[in-house]
Structures are given as C-alpha cells and as structure tokens.
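Coordinate analysis (summary)
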Amino acid sequence: MKVLSLYLLNKSGGLIYQRDFNPESNGINKLSSNDYLITAGTLHSIHAIVAGLTPPVLYPIQENQTGNQNQTGLFQVETEKFNLFIYQTLTGLKIISIVQKGVSQETATRFMANVHSIYSDYVMKNPFYTLDMPIKCQLFSNKVLLLSEAS
Amino acid sequence: MSLYLALIGTRDNPLYEMEIKMDPIRDFCPFIVHSALDIIEDLQWKTNQLYFKNIDNYDNYSISGYVTPGNIKFMILYQNLRSDEAIRQFFGELNDLYVKTLLSPFYTINEAIRSKAFDQKVRMLSRKYFNL
Amino acid sequence: MSKPYKLIGEDVYKNRTEKINSELFTLTYGSVVAQLCRDYNNDYKKVNEQLESMGYNIGIRLIEEFLAKTNFGRCINFKETAEIISKVGFKMFLNTTPTVDNFSADGKQFNLILEDNPLAEFVELPDDNKAVKELWYSNVLVGVLKGALQMVQLDVDVSFVKDILRGDPSTEIKLRLNKILKDEIPAGED
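So, here is what we can say about the structure in this document. (Residues numbered from 1 in each chain as written. Chains lettered and ligands numbered in written order. Predicted model: local features only at pLDDT ≥ 70, side-chain atom pairs only at ≥ 80, totals over all residues.)

Among two pairs of chains with at least one contact, chains A and C form the most extensive contact set. Where chain A comes nearest to chain B, the C-alpha atoms are still 24 Å apart, and the two do not contact one another. (Contact = placed C-beta atoms within 7 Å.)

What follows deals with the sheet that holds strand β1 (residues 99-101) of chain C. Residues and elements named next belong to chain C. Ordered by their spatial adjacency, four strands build an open sheet running β1-β2-β4-β3, and the pairing between neighbours is antiparallel. Two strands bound the open sheet, and with one partner strand each, they are β1 and β3 (154-162). Going across the sheet, the axis of each strand differs from the next one's by a mean of 25°, ignoring polarity. Contacts between helix α4 (residues 78-94) and the sheet are confined to β1, β2 (109-114), β3 and β4 (171-180), with β1 contributing the most and set at about 155° to the helix. Strands β3 and β4 of the sheet are contacted by helix α6 (residues 140-151), whose axis makes an angle of about 165° with β3. (Pairing = 2+ DSSP bridges. Helix = DSSP H or I, 4+ residues; strand = E, 2+ residues; numbered from the N terminus. Axes fitted to C-alpha atoms, helices over the stretch in contact; angles between N-to-C directions.)

Below, the discussion takes up the nonpolar core. With 51 residues, the main nonpolar core has I63, Y137, V144, L145, A148 and I173 of chain C as its most contacted residues. Of all the secondary structure elements, the ones that give two or more residues to this core are α2 (22-39), α3 (44-70), α4, β2, α6, β3 and β4 of chain C. Among the elements that make up this core, the one with the highest residue count is α3 of chain C (eleven residues). Those residues in contact with Y137 of chain C that sit more than four places away from it in its chain are V33, A120, V123, L125, D163 and L165 of chain C. Formed by 33 residues, the second largest nonpolar core is a distinct cluster that contains A6, Y16, Y78 and L81 of chain B. (Core = buried A, V, L, I, M, F, W, Y, C linked by C-beta atoms within 7 Å. Buried ≥ 20, exposed ≤ 12 C-beta atoms within 10 Å, placed from the backbone.)

The extent of an interface is frequently quoted as the accessible surface area lost upon association of the parts. Opposite the 29 residues of chain A that make contact, chain C presents 17 residues. The residue inventory of the side of chain A that touches chain C, partitioned by class, reads nine nonpolar, 17 polar and three charged. (Nonpolar A, V, L, I, M, F, W, Y, C, P; charged D, E, K, R; others polar.)

The next subject is the sheet that holds strand β3 (residues 76-78) of chain A. Residue and element names in this part refer to chain A. If you trace the five strands from one edge of the open sheet to the other, you get β2-β1-β5-β4-β3, paired in antiparallel fashion. In this open sheet, the two strands that pair with only one neighbour each are β2 (15-20) and β3. When strand polarity is set aside, the average angle formed by the axes of neighbouring strands in this sheet is 10°. Of the pairings in the sheet, the one linking strand β1 (residues 3-9) to strand β5 (residues 94-100) comprises six bridges and is antiparallel in character. Looking at the pairing, S5 lines up with I98 of β5. Along the sheet face, helix α1 (residues 33-53) touches β1, β2, β4 (82-88) and β5 and points at about 115° away from the line of β2.

Put into structure tokens, the structure is as follows:
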C-alpha cells in the first residue's frame, strides 16, 4: 500500500505532526505549513459536525479489533486521486492518513493502528515531550517512515 | 547453651546486637567480640572463605565469625552450640536477612538495624538452628 | 456477556509487553521515594503529593500505550472499568491482579486490594513514628490511575486507604468516580 501523507491531531484539533512520504513522486501537492494547520482544523471540525448530524444508534456498531473509536464522525474522504481516512483513539488523538486509490479501508486502519502504537512508544514515553505539543521526536519520525515503507 | 550475636559495620561500628542466656558475662560481650575483630581482620585476607570458625575464646565461650563480601562482620560468642554445620547455615541465612535489610530503600549501609522484623527473624533463626 | 479480561490481560502481558528485572524496578522506585523523603526533610505529606504528581505524569502517557496494545473501546459502566484496571491494566504493567472489592451501591466507588505489591518488596518504612502514619509509600499508583482515567474522560478520586507497610492487614486503593467529563469526550464515538 502506498501512504502519501500522515497527520496527527491532538484532541482539540491542533496539528501536532504532519509528514508527506516521498514528496517528489507521490502525486500530492505540498502545502505551506499554515495550510496544513488549516486542513487539520477543518477536518477536525467536519468530523465533529458529521458526528453531531448522526442520530444516536440503538445498536452500537459492532466492535472493531483495532482500537479505532471513530464510529460516527467523518471517516473517509474519497477524491479522484486519493483517499483519506480518519482514525480516532479513546483519548481523542486523531490519526489521518492519505493513501493511494484502491487501498482498502482495513489496510489503512491497520496502518493507523500501528502509527498509534509507535506514538505510544516513541512520543508518549519520551520524557521530554509535552502533551498536545508538536511532535519533534526523531525516533518517532524514523519509525513512521519505516512503517510506511513496510506497509 | 548461650549465644551473643553482633553485626559489625565496615568502620567497626555495631549495627545489631542480640543475646540469649548470656547472663554471667552479658556486660562484657561487646568487648570480647570487639577484641576478636583484629583476629578476623588478619584472617580474612588470607582466604576466600567467608566463615571463620573458632577464632578466639574467652573462658569457655568460643567466638566464630562470618565476613560478608561487603565487609560486614557477623560475630557470635557462644557456648555449647549444636554443631559446626548449624552455625555455618545460620550465618548463611543471616546473610540473606541482612541483604534484604540492605535492599530496603530507607536503610543505608553502616546504619544501625532497628527493624523489629529483622530482630524477630534473627531470633527465629537461632531457634531453628540452636534451639534457643 | 462479560469479556474474558483475565485472558486478555495475560495475553497482553505475555506477548506484547517488554519486561525488566523486578528487583531493578523495585530498587529504582525505592531510591526515588527515599530520595524524596530526604529532599523534603521527611515531610511525608509533601512526598505523597510529589509521588502522586509523578504518577499523574506517567498515567497520562501510559494510557496511550494501554489503548494501543489492548484496542479497548469505552467502558459501559464503572464496573467494567474496574475489571479492566485490575485484570488488564495492573496485569500488563505490574504483573499482578488486584481484587476489586466493596463496590458501592451506586456503582461509583470500589477498592482495589493489592495482594502483592511489586513496588514495596523489601521495604520497611523509616522508624520515626511519623512515616507509618503519614507516608503512602506506593502513592505513585494513585497518580497513575488518576492521570490515565482522566485521559479517557473519567474524573476519579483515587487514594490509598490501607498499606501493609503501615501494619494494615492489606494494601488497598479506593477509587471514586466523580463525574464523566462528557464535554471532553471526543466527537464521533457513537
């Protein structure tokens, strides 16, 4: 599978990590850092709006095996060139990945669950990282890159 | 049967004392043991053993000692104890107890051992090995 | 209906966690507490506070690891939370499973009884007659629980009520649910 881009949003919708993979050849435009912040904030808002629009369900959606708690919010955006998936943890962390067309939802979800696992190891366990702040951890970046290449 | 036990720190300072049925010479025990320290300090560098049997005596009391690798000395002054092997095992278990005390975060090396639990366990050991 | 949390806990502990020598862990925690006692001149109330706040900082981080490794969703009620804390949380991080006891009638309060506390092995409190009354030696756990639960939007009061080190018959932590921080539950969770 080809991951084009990865975003991490804290629980208030602030962008704490953004990365394009193979920016020269992956066919996705590079934006200014300000635009990335706006993109993140917008996706966060739409996610909340969608969740607000969804009527409460009588029978909760069946349990998933990945820890993705995003049940009624914006889940997927499809475009001509790529798909975007949103994954949310119980603590409100959003993991957003932009992937090539044709990549299945399961594959993308699995990728994002793995990102969550790396995040819990290399960001949360870094004693000098402050919660909800931009992630500047080199180890995390390296691991994410490896993961994107392996997926 | 009678027994006096002293744990001696690295600066020849007492860490712990216990005596059972030592009435006739109770007040001298620390002095007798202290005078035997010189002997054990001479001996300890000549062997790689930890246990030193019968290094000295006073009247009809004998003195044996055990030196931990950390140079803490366990000294006993005794009369009519059961067997040599019992003494050796007693020292072994005493060393385990001492190590556990050392592992407590609030205990620092060479500090007097005031723990009641330690005292109780030492007395249990002397009951177990010497019937005291 | 109740899920096999015991099995899940054992599985996660066995297959998905890194392990260290327990004595290294115990001695490390011990020297932290002893150093705090020295730094605060045996003001044990301060030491308790400090341990709790250290624990809090661990908890808000550790919860992410817990969720990533277990894939649990939101609990239906506080009873389920209790089960998960004891059978999965404690099992996973400390390899011990405290007993859940004394659930209050309103379902908002329970005690965790730690039969064996890996933090406190070898420990004897200082014999200054104050420590046994004031120091909660393992108070870091209180902070961890509080921090972790807060991150999943549960405002819980956590405190030690008994400690074997103080001469009590058991070691017990009391948890009381204040409220569910509904406003902070992330949107989109059903």
